[in-house]
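Reading the structure
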Amino acid sequence: MVSWPAAVAAGWYPVAVAARLGRRPLARRLLDEPLVVFAGAGGPAVLRDRCPHRAMPLSAGRVDAGRIVCPYHGWAFDGAGTCRHVPGSTGVPAVRADALPTRVAAGLVWTTLSDAPFPRLPAVMEDATLDRFWWTPRASAARVLDAVENHLDPAHPHHVHPWIVRAPHRRRRTRVLVTIDAAGAEATYVEERRAGGLLSRLFEGYRTTSTGRLFPPTIADVRFDGPDGLRLSIAVVFVPEATGVTRPYAHFATPRGRWPAGVKRALLTAFHYPILMQDRRVLARQATRAGPYATGPLDFLGPAIWSLAHGTAPPPDSYEAEIWL
Ligand code: FES
Ligand SMILES: [Fe+2]
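Being a predicted model, the structure only gives us computed values, none of them experimental. (Residues numbered from 1 in each chain as written. Chains lettered and ligands numbered in written order. Predicted model: local features only at pLDDT ≥ 70, side-chain atom pairs only at ≥ 80, totals over all residues. Heavy atoms only, no water.)

1. Points about the UniProt feature "domain: Rieske" (unreviewed entry) in the protein chain
This chain's UniProt record puts "domain: Rieske" (unreviewed entry) on residues 12-111. In residues 12-111, the share of helix is 0% and the share of strand is 44%. The end C-alpha atoms are 5 Å apart. (UniProt positions renumbered as here; feature names shortened; annotations may be inferred. Helix = DSSP H or I, 4+ residues; strand = E, 2+ residues; numbered from the N terminus.)

Written as structure tokens, this is what we have:
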């Protein structure tokens, strides 16, 4: 088993969408550890997926009155991991299943294998004025930091998503503003686009920006802004399930508008499904090769992603660059 970068090992990660936690326990993995998630009497509970009696996976059991019941001999554990019932006996041994810290935030159940405090989440995840939803594709073969970088990377869409995201041969001059600090890193891309017609004449300074922001260690938010503010934010929490296996929780946020939220949800997920599949192919192939990475002139956030994941803050920096996107 490999050791995880310090900040990744100490992170909080989602293990379920709170509203979808039903009567069945969920088997999850986090940082190579098997976990079980279930609806406890006092709210969602996360335990290590191992019965303390004879090591049976508790996720193979059932939930009964807020307790998880082991499928082997029927011992029942509450959300705090305390053994509450042993069938065939009136006594209960002072035994605990290993319970992890649990928090419900932004509609997800979060947990950690560390004693770190709960992190700051992107504000869009808790902005009730927006239309928001979680898209939860399955886990796939990818190294977690590669996946974080992929979401923030401006240089691959021409090659990996030609025509869907970028026209492969039509690049435009783009100004990039990069800010790196101890709390994260951000790159804003300003594409100076002059639409024809009256509006662009009236609004000389019309600009469209997109911004990639890293919330270390593994949350990446890409947002698109128009002249009147946010148009779309895609904030993805990348969960390191196991070595080379990553599960994304993707949060889409758009301003309330003419389109019903359900229609936007259907369109956004349909549009992003092929993009997700294309990125997955790249990430799976990339994960078959080890070794150090070279940094190129368009890798604005990569070095910060890796150094913050290892718990070393990069030197604060702020600069502008010019590229062709
Ligand atoms: S192994 Fe779980 S009750 Fe015996
Ligand atoms: Fe991509």
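2. Let's talk about the side chain of glutamate 241
Here glutamate 241 shows up in strand β17 (residues 229-242). Judged by relative accessible area, which is 5%, glutamate 241 ranks as buried. Within the structure, the side chain of glutamate 241 is placed 2.6 Å from the side chain of arginine 247, a separation counted as a polar contact. Filtering out sequence-adjacent residues up to four positions away, glutamate 241 remains in contact with Arg28, Arg29, Leu30, Leu31, Asp32, Ala139 and Arg247. (Buried < 20%, exposed > 50% of the residue type's maximum accessible area, 1.4 Å probe, protein only. Polar contact = N/O pair within 3.5 Å; in protein donor to acceptor, adjacent residues only side chain to side chain. Contact = heavy atoms within 4.5 Å.)

3. Re the sheet that holds strand β7 (residues 76-77)
One open sheet holds the four strands; their spatial order is β5-β6-β7-β8, and the pairing between them is antiparallel. Single-partner strands in this sheet number two, and they are β5 (62-64) and β8 (83-85). With two bridges connecting them, strand β6 (residues 67-69) and β7 associate as antiparallel partners. Following the sheet pairing, isoleucine 68 is matched in β7 by phenylalanine 77. (Pairing = 2+ DSSP bridges.)

4. Focus on the layout of surface pockets
For the largest pocket, the calculated volume is near 1,300 Å³. Val165, Val222, Phe224, Ile234 and His272 are the residues nearest the centre of the largest pocket, which is lined by 49 residues in total. Taken together, the elements giving at least two residues each to the lining of the largest pocket come down to α2 (144-152), α3 (157-160), β14 (184-191), β15 (208-215), β16 (219-226), β17, β18 (245-255) and α5 (261-286). Considering every element that reaches the lining of the largest pocket, the biggest residue donor is α5, with eight residues. Within the lining of the largest pocket, the residues separate by chemical class into 26 nonpolar, 13 polar and ten charged. (1 Å grid on protein atoms, 1.4 Å probe; cavity = no way out; pocket = protein on both sides within 12 Å on 5 of 7 lines; lining within 4 Å. Points joined across faces, edges and corners; volume = space filled by probe spheres on them. Nonpolar A, V, L, I, M, F, W, Y, C, P; charged D, E, K, R; others polar.)

5. Some details on the coordination of the iron ion (ligand 2)
Ligation of the iron ion (ligand 2) by protein atoms is provided by His156 (NE2), His161 (NE2), Asp279 (OD) and Asp279 (OD), these donors lying 2.1 to 2.3 Å from the ion. Here the iron ion (ligand 2) binds four donor atoms, and the angle range of 58 to 144° at the metal identifies the geometry as irregular. One chain supplies every donor to the iron ion (ligand 2), and in sequence these donors are spaced H-x4-H-x117-D. For histidine 156, a relative accessible area of 12% puts it in the buried group. Residue classification places histidine 161 among the buried positions, given a relative accessible area of 2%. (Donors = N, O, S within 2.8 Å, 3.2 Å for Na, K, Ca; no water. Tetrahedral: all angles 85-135°; square planar, octahedral: opposite > 155°, others 65-115°.)

6. A word on the nonpolar core
Residues Trp110, Leu121, Met125, Leu152, Phe252 and Phe300 are the most contacted members of the largest nonpolar core, which totals 67 residues. By residue number, the principal contributor to this core is β17, which donates eight residues. Each of domain 1 (6-112) and domain 2 (123-324) accounts for three or more of the residues forming this core. Setting aside anything within four residues of it in sequence, one finds phenylalanine 300 in contact with Pro154, Val176, Val178, Ile180, Ala187, Tyr189, Tyr319, Ala321 and Ile323. (Core = buried A, V, L, I, M, F, W, Y, C linked by side-chain atoms within 4.5 Å. Domains from an automatic or database assignment.)

7. What to know about the pattern of salt bridges
Applying the stated rule across the entire model yields twelve salt bridges. For arginine 143, the salt bridge goes to aspartate 146, with nearest N and O atoms at 2.9 Å. Residue classification places aspartate 146 among the buried residues on the basis of a relative accessible area of 2%. Here the salt bridges share partners, and the residues they tie into one network are Glu33, Arg48 and Asp98. (Salt bridge = Lys/Arg side-chain N within 4 Å of Asp/Glu carboxyl O.)

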